Amino acid sequence: MTIDTERHGLEQEEDDKGGASDEHSARLATYVIGLGLAILLTAASFWVAKTDVIYGPGIPEALATLAVAQMGVHLVFFLHLTTAPDNTNNILALAFGLLIVGLIVFGSVWIMAHLNNNLMPMQQLMQMQR
Amino acid sequence: MSTADSTLPISDPYRLGYRGPNLARGHGGGGPATKRVIVGYGFWLFLLSDIVVFSCLFAAYAVLADATAGGPRARDIFDLDRVAIETACLLASSFFCGLATIAVAQRNQILTQAALAITGLLGLAFLLLEASEFANLYAHGDGPTRSAFLSGFFTLVGCHGLHVTVGLLWLGTMMAQFLAKGFRPDIGRRFLCFSMFWHFLDIIWVAIFSLVYLVGTRL
C-alpha cells in the first residue's frame, strides 16, 4: 500500500514537472479566452435585461439561454471539462447531475403552476370551509 | 487534404478518432488513473451534489417568486448596478484563481500568494456588497419574514454567500499551507479541490444573477 502511494506520488511529481513554459502559456491562453467569453456573455445578459429591442415576454428565455451558455464556458475554460479519456467519468457524473437538476427545477415549477391554476383562491376555500 | 490527414499515425490516445491500443491511464492499458484525476473526480461528485442542493433552492424560489404577500416585488428591490459590480468581482476572482493554478504549476511562491490574495480580496468585495444589499433590505423592513418571495430570495442568495464565506476561509488555509509546507503533491491536490470549488461558486452565481436578478427586474 505504501509502495503504491509512493509510486503515485512520484508519478505525480513527474506529471507536475513535465509542464514546460509552452504548456503554462497554453493554460494562460485558456483562462484569458474563458474570461473574454464570460465577459461577453455577462454583458449580453445585462444588455438583454435592459433593452426594449427584444420582444418582452421572450426575455426570460433569452436570459436563461445566455446563462446556460456562460455556465458551459465556465465548465470548459475554467473547470477544464474535456472529452479526454481521463474526463469521461466527470462528463457522465455531470450528465446525471443535470438530469436530477432538470427533474427538480422543471418538475417543481410545472407541478406548482398547475396546482395554482387548478385550485380555487385561498379566500374562497376558507369561506366554503366555514 | 482529408486523406493526407488520415494517413498520419494518430499516436495521441487523447485525440478524437484514436484507434490504437488504449494506453490512456485509468482505462486498463495505461495503468491506474493518477491520484490527481481520482481526487478531482471525487470532489466533482461533491460539487454535483451541491448543485442539486442549489437546484432545490432555485426551484423553491421560482415557485415562490410571485408570492409577495403585498410586499415589494423583485423589480422594486433589485439594484442592477450593484449586481453588475458583484458579478465583475466574482468573475475576476475566478480568473485570478485560474492564474494561481498556473503559478502553483510553476512552483512560484510569490506569484501564487499574490494571485490567491487578489482572488480572496475580490471575493471579500463581493461578500461585502451582498451584505450591504441584505442590510439595506432589512433596514426597509423587507427581511426574509416579509413574504414567501423574500424568504426564497434570502435563502438562495444567502446560501451562495455562505459558500463564498467558507471558500474564503479555505483560501486562507491554502495560502498558509503553500507558505508552510511548500508545493507538495498532496497540497497541490487540495488546491485543485479549492479551485474547482471557487469556479463552481461562480457558475452558481451566473445562474443567480441571470435567473433571479435580471429576470426578476423584467417580470
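Residues numbered from 1 in each chain as written. Chains lettered and ligands numbered in written order. Predicted model: local features only at pLDDT ≥ 70, side-chain atom pairs only at ≥ 80, totals over all residues.

## Looking at the interface of chain A and chain B
By convention, interface size is frequently given as the accessible area that disappears when the constituent parts associate. Selection rule: The contact criterion used here is simple: two residues whose C-beta atoms, placed from the backbone, lie within 7 Å are in contact. In DSSP terms, a helix is any run of H or I states spanning at least four residues, a strand is any run of E spanning at least two, and both are numbered starting from the N terminus. When residues are grouped by polarity, Ala, Val, Leu, Ile, Met, Phe, Trp, Tyr, Cys and Pro land in nonpolar, Asp, Glu, Lys and Arg in charged, and all others, Gly among them, in polar.
Facing 44 residues of chain A, the contacting portion of chain B comprises 47 residues. Only α1 (2–17), α2 (21–50), α3 (59–78) and α4 (88–118) of chain A provide two or more residues apiece to the side of chain A that touches chain B. Classifying every residue of the side of chain A that touches chain B gives 25 nonpolar, 13 polar and six charged.

## What about the nonpolar core?
Note the cut-off: Here, a nonpolar core means buried Ala, Val, Leu, Ile, Met, Phe, Trp, Tyr and Cys residues linked by C-beta atoms lying within 7 Å of one another. Exposure criterion: with C-beta atoms placed from backbone coordinates, a residue whose C-beta has 20 or more other C-beta atoms within 10 Å is buried, one with 12 or fewer is exposed, and one in between is partly exposed.
Ranked by internal contacts, the top residues of the largest apolar core, which has 68 residues, are A:Leu63, B:Leu99, B:Ala100, B:Phe153, B:Ile204, B:Ile208 and B:Val212. Counting only elements with at least two residues in this core, the list comes to α2 and α3 of chain A together with α2 (35–64), α4 (80–105), α5 (109–139), α6 (148–181) and α7 (185–218) of chain B. Of all the elements, α7(B) adds the most residues to this core, at 18 residues. Setting aside residues no more than four positions away along its own chain, B:Val212 makes contact with B:Tyr61, B:Phe153, B:Leu156 and B:Val157.

## A look at the packing of α2(A) against α7(B)
Axis angle and axis distance: for two packed helices, these are the angle between their axes and the distance between the axes, and together they describe the pair. Keep this limit in mind: Fitting a line to C-alpha atoms yields each axis, with helices limited to the stretch in contact; the angle taken between N-to-C directions then spans 0 to 180 degrees. Relative orientations are named as follows: roughly parallel for angles under 35 degrees, roughly antiparallel for angles over 145 degrees, roughly perpendicular for angles from 65 to 115 degrees, and oblique for any other angle.
It is the contact of α2(A) with α7(B), at a shortest axis distance of 9 Å, that shows an interaxial angle of 20°. The angle between α2(A) and α7(B) falls in the class roughly parallel. The segment α2(A) lies against α7(B), with A:Ser45, A:Phe46 and A:Ala49 engaging B:Ser210, B:Leu214, B:Thr217 and B:Arg218. Partitioned by chemical class, the residues of the contact of α2(A) with α7(B) number three nonpolar, three polar and one charged.

## What about the confidence of the model for chain B?
What counts here: One confidence number per residue, pLDDT, is output by the predictor and ranges from 0 to 100.
Of the residues in chain B, 90% have a pLDDT of 70 or more, and the chain-wide mean is 90. For this predicted complex, the interface score ipTM comes out at 0.84, while the overall pTM is 0.85.

## Thoughts on α4(B)
Rules: Helices are assigned an expected span. That span is 1.5 Å times one less than the residue count.
Compared with an ideal rise of 1.5 Å per residue, which puts 26 residues at 38 Å, α4(B) spans 38 Å between its outermost C-alpha atoms and is within 8% of the ideal. Immediately downstream of α4(B), the backbone of B:Arg107 shows phi near 55°, a positive value.

## A look at unusual backbone geometry
One non-glycine residue, A:His80, adopts positive backbone phi at about 55°. By the secondary structure assignment, A:His80 is in the loop between α3 and α4. Overall, the presence of 20 C-beta atoms within 10 Å leaves A:His80 in the buried class. The backbone of B:Arg107 sits at a positive phi, close to 55°, despite the residue not being glycine. Its location among the elements puts B:Arg107 in the loop between α4 and α5. By C-beta crowding, B:Arg107 is classed as partly exposed, having 14 other C-beta atoms within 10 Å.

## Here's the deal with the confidence of the model for chain A
All names here are of chain A. Scored by pLDDT, chain A comes out at a mean of 83, with 85% of its residues at no less than 70. Least confident of the elements in chain A is α1, whose mean pLDDT is 41; most confident is α3, at 95. Taken as a whole, residues 1–19 scores under 50 in pLDDT and shows 15 contacts with residues more than four places along the chain or in a different chain.

## Focus on the packing of α2(B) against α7(B)
All names here are of chain B. The criterion, for reference: The crossing is said to be left-handed when, going from far helix to near helix, the turn is anticlockwise and less than a right angle, and right-handed when the turn is clockwise.
Orientation of α2 relative to α7, taken along the N-to-C sense of each, is 25°, at an axis distance of 10 Å. With respect to their mutual orientation, α2 and α7 come out roughly parallel. The chirality of how α2 crosses α7 is right-handed. Seen from α2, the contacting residues are Lys35, Arg36, Val39, Gly40, Phe43, Trp44, Leu47, Phe54, Phe58 and Tyr61; seen from α7, they are Arg189, Leu192, Cys193, Met196, Phe197, Phe200, Ile204, Ala207 and Val212.

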